[in-house]
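Here are the chains, one letter per residue:
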Number of protein chains: 2
Amino acid sequence: MVNTVGIIGLGLIGGSLARRLAERGIRVVAWNHRPHPYAQAEADGIFCKSTLAELMDAEPDVVVLCNPLKAMPAMLDSLAPLMVEHPRTTITDVGSVKGMVREQVEAAGLGECYVGAHPMAGNELSGWQAADPHLYDDALWAVTVDSATNYQRFLDVAALITKGVGNRLIVLDDETHDKAAAMISHMPHVVSTALINELSAYPDRNIAAALAAGCWRDMTRVALTDPNRTRAMVEEDALNVEALLRRMAKRLTDMADQLHDGDETDVIRFFAEGNPFRQYKSALTHASDGAAESLPERELTVPESGWQQTLLFSARRGEAIIGFVNPRQAIIQLRPAM
Amino acid sequence: MVNTVGIIGLGLIGGSLARRLAERGIRVVAWNHRPHPYAQAEADGIFCKSTLAELMDAEPDVVVLCNPLKAMPAMLDSLAPLMVEHPRTTITDVGSVKGMVREQVEAAGLGECYVGAHPMAGNELSGWQAADPHLYDDALWAVTVDSATNYQRFLDVAALITKGVGNRLIVLDDETHDKAAAMISHMPHVVSTALINELSAYPDRNIAAALAAGCWRDMTRVALTDPNRTRAMVEEDALNVEALLRRMAKRLTDMADQLHDGDETDVIRFFAEGNPFRQYKSALTHASDGAAESLPERELTVPESGWQQTLLFSARRGEAIIGFVNPRQAIIQLRPAM
């Protein structure tokens, strides 16, 4: 059950989450390192607190850490003594890397009450002034667990996501999450940045920029976001990003060699290799007619022992959790698989 | 003066161009290798011809070759004998590479009447059924010339673009065009394709695909377009794409090394290198308030001798031609420069 949610940090992600939850009738208490968003937040029905102690005194069922990752160790240290008096509160976060956050949570002695989370939502803006409940429209969350995660606490975070925010989730271990996030976000951010670096170094850059149309605009959009935020995200997932950048460099070098050799068979193969993703996208559009709500659903029994693996395997099949019939019966949405 | 325009090939680009010109009151005659679009095209006010000879008999001022590039040599060979009787007609095209097309045009003996063109417009669709006059909204064309290009023929193609289509243009030599197009389109198409190849080969691809949000969607959009069309485009500009792929591979490898070494100074430098492009985009948005029409304008005198260089230098400064006061006085739009 999630009646009260504590939000720490009213930036783009936390502010949007607080506004969305309040809009959907959840009691939201919030704390921000500076009180400048408080007047507007209070007008949106969010109860703003001047100290973390006051926030905890509101007895939140779940506290969502939406502070920047670099502030995480200090935040956890401030929270740890307060948690002693509120042992039933579950802590989660919205960070784009999960292994590092779990280590920090455990270093602060809060591992027992922690469930990781990462909403796949965001845009190129930042700060409370950009906060928008619609940021979470149709978003999918990764919820990260390990073998010690308490199932009831997982259910609380899952309820926050499905009932509270109205979103879907998949359950992963930290490593699977961090590698997959490197694949579809952290590494591509570096590639996008490398593209604008290449253009900036290009002698006829004004001509190239004038010719730039949809392809260039789309491929460099994320490189226009705050480069410090992107850099932090990449550095926090450095090992996985490094490995993928080397694989991408090899793919580009191989293609350069094939163009040099004029070997049409290899070039044809290069352009066909991504067909599984093309077919997946086509199947997804066809199956859902563009709307995630229209994908087929079924129930999944979650065992007491090994529930983490059961839910990870479900995610690997392309399924997402959209709710629970009872604590051991999840409702899952079936998506096309690659 | 451009009263009548001949369009060869009623696919996405040619069909959209024909519809746009007809809509704007230009007399359009068209030929397609198969007559299936003719009924709809005629209903849109386009005069469809069953042979190239009939199209030429309509005395078009400019003929725009919108056939696929691979059909270009055969098309030019068919056109060459007809052009003998219509020496005042100017030939142009819409191909995404310009050096190769000029060689083919000269091989067919049509170099004297040719001016190259490449509208920066398109989408992931193809064929007449996708033709849409709005495809050309606010598009910029590259017009390619060499030292032998006839200035009056250039003016006819420029009039077609500015008065006929209502677009802007910049003047380039073939090499400058093909290198710049490789920079902002052909090479990025390969990078986008390499991303979906990497995901398709990724063990947890269903999980990664589920987590994919705006960054991934935008960076892989062009990889979902017809891979054969992309492959043809890349192969036609192979030398330039090869060189840029090697430069990109080096940038990604260098970044991987820097992440490996944990050298924050180099990582910070990587994320700052593209600032000239970020500043250009910001200045462009600020200067135009999002609408190209609101950029400042001035006149540019075009000399009789060396006009190609004068217009190339104008393009290098970030300027675009939007019309002519008289044949030697161009109206140019001033854009922010990098």
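Residues numbered from 1 in each chain as written. Chains lettered and ligands numbered in written order. Predicted model: local features only at pLDDT ≥ 70, side-chain atom pairs only at ≥ 80, totals over all residues. Heavy atoms only, no water.

Enquirer: Looking at this structure, how should I read the environment of A:I91?
Expert: Residues and elements named next belong to chain A. One can find I91 in strand β5 (residues 90–93). Along the chain, I91 and G127 lie 36 residues apart, while their C-alpha atoms are 22 Å from each other. Here I91 is in contact with V63, L65, L79, M83, L110, C113, Y114 and V115, once residues within four sequence places are set aside. (Helix = DSSP H or I, 4+ residues; strand = E, 2+ residues; numbered from the N terminus. Contact = heavy atoms within 4.5 Å.)

Enquirer: What am I meant to see in the sheet that holds strand β2 (residues 27–31) of chain B here?
Expert: Across a sheet, strands are paired by hydrogen bonds formed along the backbone, either parallel or antiparallel in direction. All names here are of chain B. Strands sit in the order β3-β2-β1-β4-β5 across an open sheet of five strands; the sheet is parallel. Only two strands of the sheet have a single neighbouring strand rather than two, namely β3 (47–48) and β5 (90–93). Two strands pair when backbone bridges link them, and strand β4 (residues 62–65) and β5 are joined in this way by four bridges, in the parallel orientation. Within β5, the position partnered with V63 by the bridge is I91. Of the strands in this sheet, β1 (4–8), β2 and β4 touch helix α1 (residues 12–23), which is tilted by about 160 degrees from β1. (Pairing = 2+ DSSP bridges. Axes fitted to C-alpha atoms, helices over the stretch in contact; angles between N-to-C directions.)

Enquirer: Can you help me understand the interface of chain B and chain A in this one?
Expert: The accessible area lost on association of the parts is a frequent measure of interface size. Opposite the 91 residues of chain B that make contact, chain A presents 91 residues. Taken together, both faces of the contact between chain B and chain A bury some 8,500 Å²; the carbon and sulfur share is 69%. When the buried surface of chain B facing chain A is broken down by residue, B:E198, B:L211 and B:F271 rank first, second and third, together holding 9% of it. For B:R251, the salt bridge is made with A:E198, and the minimal N-O distance between the two is 2.5 Å. Counting across the interface, chain B meets chain A through 32 residue pairs in polar contact (both at pLDDT 80 or more). (Buried area = accessible area lost by both parts, 1.4 Å probe. Salt bridge = Lys/Arg side-chain N within 4 Å of Asp/Glu carboxyl O. Polar contact = N/O pair within 3.5 Å; in protein donor to acceptor, adjacent residues only side chain to side chain.)

Enquirer: Mind showing me how you'd approach the domain arrangement of chain A here?
Expert: All names here are of chain A. For chain A, the assigned domains read domain 1 (4–172) and domain 2 (178–273). Put simply, the middle of domain 1 and the middle of domain 2, counted by C-alpha atoms, are 32 Å apart. Listed per partner, the contact involves twelve residues of domain 1 and ten residues of domain 2. The contact between domain 1 and domain 2 buries some 780 Å² in all, and 53% of this surface belongs to carbon and sulfur atoms. Here domain 1 is connected to domain 2 by zero salt bridges. Inspection of the region where domain 1 meets domain 2 yields three residue pairs in polar contact (both at pLDDT 80 or more). For the side of domain 1 that touches domain 2, the class distribution of residues is six nonpolar, four polar and two charged. (Domains from an automatic or database assignment. Nonpolar A, V, L, I, M, F, W, Y, C, P; charged D, E, K, R; others polar.)

Enquirer: It is not clear to me how the sheet that holds strand β2 (residues 27–31) of chain A should be interpreted in this structure. Could you clarify?
Expert: Residue and element names in this part refer to chain A. Read from one edge of the open sheet, five strands run β3-β2-β1-β4-β5, paired in parallel fashion. Here the strands that pair on one side only, and so sit at the sheet edges, are β3 (47–48) and β5. Taken together, the four bridges between strand β1 (residues 4–8) and strand β4 (residues 62–65) define a ladder with parallel strand orientation. Bridged to I7 within β4 is V64.

Enquirer: Any chance you could explain the pattern of salt bridges here in plain terms?
Expert: When the charged atoms of two side chains with opposite charge come close together, those side chains can pair. Residue and element names in this part refer to chain A. Per the counting criterion, the structure on display carries 44 salt bridges over all chains. Note that R168 is salt-bridged to D138, the shortest N-O span being 3.8 Å. Taken together, the positions of R168 in strand β8 (residues 168–172) and D138 in the loop between β6 (116–119) and β7 (140–144) put the pair 30 residues apart, joining distant regions of the chain. Exposure remark for D138: the relative accessible area of 45% places this residue in the partly exposed category. (Buried < 20%, exposed > 50% of the residue type's maximum accessible area, 1.4 Å probe, protein only.)

Enquirer: Whenever I open this one, the packing of aromatic side chains confuses me. Can you help?
Expert: Aromatic ring pairs are described here by two measures, namely the spacing of the ring centres and the angle between the planes. Counted by the stated rule, this structure contains 16 aromatic pairs over all chains. Considering the side-chain rings of B:Y136 and B:W141, the 5.9 Å spacing of their centres and the 25 degrees angle between planes classify their relative orientation as stacked. For the pair B:Y136 and B:W141, a shared accessibility class is recorded, and that class is buried. Ring pairs connect the aromatic residues A:Y151, A:F154, A:W307 and A:F324, which therefore count as one cluster. One Lys or Arg, A:R328, reaches over the ring of A:Y151 and ends 3.8 Å from the middle of that ring. (Phe/Tyr/Trp six-rings, centres within 6.5 Å; stacked < 30°, edge-to-face > 60°. Lys NZ or Arg CZ within 6 Å of the ring centre and 35° of its normal.)

Enquirer: I tried to follow the state of the cysteines on my own but got confused; where do I start?
Expert: As used in these notes, a disulfide is a covalent bond between sulfur atoms, one from each of two cysteines. Throughout the structure, instances matching the rule amount to zero disulfides over all chains. There is no disulfide at A:C113, and the cysteine sulfur nearest it, in A:C66, is 16 Å away. On the basis of relative accessible area, A:C113 is assigned to the buried category, the value being 6%. Free cysteine: B:C215, not disulfide-bonded; nearest cysteine sulfur from A:C215 at 14 Å. Owing to a relative accessible area of 8%, B:C215 belongs among the buried residues under this scheme. (Disulfide = S-S within 2.5 Å.)

Enquirer: Which parts of the structure should I look at to understand the side chain of B:R20?
Expert: All names here are of chain B. Mapped onto the elements of the fold, R20 is located in helix α1. Assessed through its relative accessible area of 10%, R20 is described here as buried. A polar side-chain atom of R20 sits 2.8 Å from the main-chain carbonyl oxygen of V165. Those residues in contact with R20 that sit more than four places away from it in its chain are P133, H134, Y136, D137, V165, G166 and N167.

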